[in-house]
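Each chain is listed here by its residues.
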Amino acid sequence: MGSAAELVAERIGRFGPIPFSEYLELVLYDERVGFYETGGRAGRRGDFITSPEVGPLFGAVIGRALDSWWRELGRPDPFVLVDAGAGPGTLARAVLAARPACSGALRYVLCERSAMQRAHHGEGLPLVPAAQAFSRPRGEDVGESEEPIVDVTGRGPLVVSLGELPVGPFTGVVLANELLDNLPFDLLVHDGEWREARVAIAPDGRLVELLVPARRVPAGLPPRAPHGARVPVAGAAADWLAGALERLGRGVVVMIDYASTTAALAQRPYREWLRTYRGHERGGHYLADPGEQDITAEVPLDQLAAVRAPESVQTQAQFLVRHGLDELVEEGRQIWAERAHVGDLAALTARSRVREAEALTAADGLGAFTVAEWRASPHH
């Protein structure tokens, strides 16, 4: 198959108009021609900037948050952080460089389905096989062909790269930073009533929407909306949340993303919340140039709450301040004042914290992202 456009056309030719979620799965994630397998990535040389790419400050604050959750859970060892949608590992490098107090117990699991992105995980990260990162329970029957029990408590941080969420139960944190907005979703369109948009091929060969009766209607969907209004049906995001909570024995699932509600999205122009990106610029229509641009949508938080209501919802700015952003910025100012005359890397890194903090907390940008937390315990 030569391109994502050809793959989509072949699939429609075989099965007829396809659900929008299937279209997204093909053009973003297909292992041969999907956007994330053929060069699409975050970063200054990529297609979009996420908080970790702003600089190391975001990772340093996440390190402080990890310490807070670790202490809250009773300082467990191992203490697992699953970095879901880890991309090339930018956040992991910043968190580990910050040397959080929980490092000795930390098992940092980079979870990334794209093989192209996973190929970067070994760059500056001390990867170990998953079997070496976790001790077997004492007393477990180990066959002759299996590896002996190795006690790795207190030997972290140990870093593992996986293509999917690890099996549970484990104690720790599952962190999804700008992941859920990229998971495939179905699309409803208001045309006198809510109908589902499928992707079809017009006689001239263009990809177009074909409206059919909706298979699933979210509970928060208003019965009336402007003609042509659209809303996402975030089935994959809801399934991901349910799976993350199921794997956690104790701990917290944290989502950091741009989010809204189904009802609010229905009232907004859809190009405001259903976005495409290519080369740090807004891309074209989501049916144009399949496989050559990122496609993302604001997360309908009420649809996730149907799985389970989050215990905490705040903005990214509030979350970062809560976990020590201001202290790190002040520390940076002091280091700069002491070492400005030297102008070494430590001084320049410290100076950059002020600008990074401004970007990470901007009310019209990253600072307005939603941080939602779900607690998991054996009682849930």
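Calculation notes
- Residues numbered from 1 in each chain as written.
- Predicted model: local features only at pLDDT ≥ 70, side-chain atom pairs only at ≥ 80, totals over all residues.
- Heavy atoms only, no water.
- Salt bridge = Lys/Arg side-chain N within 4 Å of Asp/Glu carboxyl O.
- Helix = DSSP H or I, 4+ residues; strand = E, 2+ residues; numbered from the N terminus.
- Buried < 20%, exposed > 50% of the residue type's maximum accessible area, 1.4 Å probe, protein only.
- 1 Å grid on protein atoms, 1.4 Å probe; cavity = no way out; pocket = protein on both sides within 12 Å on 5 of 7 lines; lining within 4 Å.
- Points joined across faces, edges and corners; volume = space filled by probe spheres on them.
- Nonpolar A, V, L, I, M, F, W, Y, C, P; charged D, E, K, R; others polar.
- Axes fitted to C-alpha atoms, helices over the stretch in contact; angles between N-to-C directions.
- Left-handed = near helix turned anticlockwise from the far one by under 90°.
- Contact = heavy atoms within 4.5 Å.
- Pairing = 2+ DSSP bridges.

A.B. asks: Any details on the pattern of salt bridges? Residues and values, ideally.
C.D. replies: Inspection of every chain in the model, using the stated rule, returns 21 salt bridges. Put simply, Glu-25 and Arg-113 hold a salt bridge, and the shortest N to O gap is 2.6 Å. Of the two residues, Glu-25 is situated in helix 2 (residues 20-29) and Arg-113 in the loop between strand 3 (106-111) and helix 6 (115-118); the sequence distance between them amounts to 88 residues. According to the relative accessible area criterion, Arg-113 is partly exposed, its value standing at 41%. Linking Arg-375 and Glu-72 is a salt bridge whose minimum nitrogen-to-oxygen distance equals 3.1 Å. Taken together, the positions of Arg-375 in strand 17 (residues 370-376) and Glu-72 in helix 4 (residues 57-72) put the pair 303 residues apart, joining distant regions of the chain. Taken together, the shared-partner salt bridges in this structure form one network comprising Glu-72, Arg-322, Glu-373 and Arg-375.

A.B. asks: Describe empty space enclosed by the protein, with residues and values.
C.D. replies: Scanning the entire structure with this criterion turns up one cavity of 30 Å³ or more. In this structure, the largest cavity occupies an estimated 60 Å³ of space. As for the largest cavity, its lining consists of Leu-180, Asp-181, Leu-183, Phe-185, Pro-232, Ala-234, Ala-237, Ala-297, Glu-298, Val-299 and Pro-300. When the residues that make up the lining of the largest cavity are grouped by side-chain class, the tally is nine nonpolar, no polar and two charged.

A.B. asks: Tell me about the packing of helix 4 against helix 5 (residues 90-97), residues and numbers included.
C.D. replies: Contact geometry of helix 4 with helix 5 gives a least axis separation of 7 Å together with a crossing angle of 65 degrees. Relative to helix 5, helix 4 is oriented so that their crossing is right-handed. Across from Phe-58, Gly-59, Ala-60, Ile-62, Gly-63 and Leu-66 in helix 4, the residues of helix 5 making contact are Leu-91, Ala-94 and Val-95.

A.B. asks: Provide a residue-level description of the sheet that holds strand 13 (residues 281-282), including the pertinent values.
C.D. replies: In space, the three strands of this open sheet follow the order 13-12-14, with antiparallel pairing throughout. Since the sheet does not close on itself, it has two edges, and those belong to strand 13 and strand 14 (294-297), each with one partner. Summarising the sheet, strand 12 (residues 274-278) and strand 13 pair through two bridges and their orientation is antiparallel. Note on strand 13: the bridge partner recorded for Arg-278 is Glu-281.

A.B. asks: Explain the pairing of strand 7 (residues 194-201) residue by residue, including any values.
C.D. replies: Pairing of strand 1 (residues 18-19) with strand 7 involves two bridges; the strand directions are antiparallel. Looking at strand 7, one finds that Pro-19 is bridged to Arg-198. Of the pairings in the sheet, the one linking strand 6 (residues 186-190) to strand 7 comprises three bridges and is antiparallel in character. In the sheet register, His-190 faces strand 7, and the bridge partner there is Trp-194. Pairing of strand 7 with strand 8 (residues 207-213), which is carried by seven bridges, proceeds in the antiparallel orientation. Its bridge partner lying in strand 8, Ala-197 is registered against Leu-211. Hairpin geometry of strand 7 and strand 8 is characterised by an intervening segment of five residues between the two adjacent antiparallel strands and by a positive phi of about 95 degrees at Gly-205.

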